[in-house]
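# Analysis of the macromolecular model
Residues per chain are reported as follows:
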Amino acid sequence: FWLKLLLLKIVQHFSSTRPLSAKMVLIPKKTRRQILEHLFKEGVMVVKKDYQACKHNELEDIPNIQVMMVLRSLASRNYLSEIYSWRWHYYTLTNEGIEY
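Residues numbered from 1 in each chain as written. Predicted model: local features only at pLDDT ≥ 70, side-chain atom pairs only at ≥ 80, totals over all residues. Heavy atoms only, no water.

### What to know about unusual backbone geometry
- At Asn78, a position not held by glycine, the phi torsion is positive, near 65°.
- By the element assignment, Asn78 lies in the loop between α3 (64-76) and β2 (80-85).
- Since its relative accessible area comes to 51%, Asn78 is described here as exposed.
- The phi angle at Trp86 is positive, at roughly 55°, despite the residue not being glycine.
- Structurally, Trp86 is set in the loop between β2 and β3 (88-93).
- Overall, the relative accessible area of 78% leaves Trp86 in the exposed class. (Helix = DSSP H or I, 4+ residues; strand = E, 2+ residues; numbered from the N terminus. Buried < 20%, exposed > 50% of the residue type's maximum accessible area, 1.4 Å probe, protein only.)

### Considerations on a negative patch on the surface
- A surface patch of negative charge is lined by Glu42, Glu58, Glu60 and Asp61.
- Within the fold, Glu42 resides in helix α2 (residues 29-42). (Patch = residues over 30% accessible without salt bridge, like charges linked within 9 Å, V, L, I, M, F, W, Y side chains within 5 Å. Areas by Shrake-Rupley, 256 points an atom, 1.4 Å probe, with all protein chains shown as cover. Salt bridge = Lys/Arg side-chain N within 4 Å of Asp/Glu carboxyl O. Lys, Arg positive; Asp, Glu negative; His and termini not counted. Charge placed at Lys NZ, Arg CZ, Asp CG, Glu CD.)

Below, the structure written as C-alpha cells:
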C-alpha cells in the first residue's frame, strides 16, 4: 500500500511540475510550410504568449502554440530575432533567415 501511494505521489509531482510550454508539439509539414510562407512573405510575425489559444491571430486555421513553437525553433537557430513585450513575441527575419 505504501509503495503504491509513494509511486502515485512521484508521478503526480513530475506530471504537474512540467510546464505546458515544455510539452512536445508535433507540427504537420503542411502547417509548418504555411507558417514559413507567411513569415517569408511578410518578414515579421507577432505571436501572443497564450498556449491555450485555439488559433493564431494572423493564420486563423493554425493553432497558436504551433506557430509559437515553429518561430521559437527558428529563433533558436538565429534565423529570427525575437523581442518579447507584454505577453507578445515579435519575430523578424535576420540575414541568416533570409538565406535559409
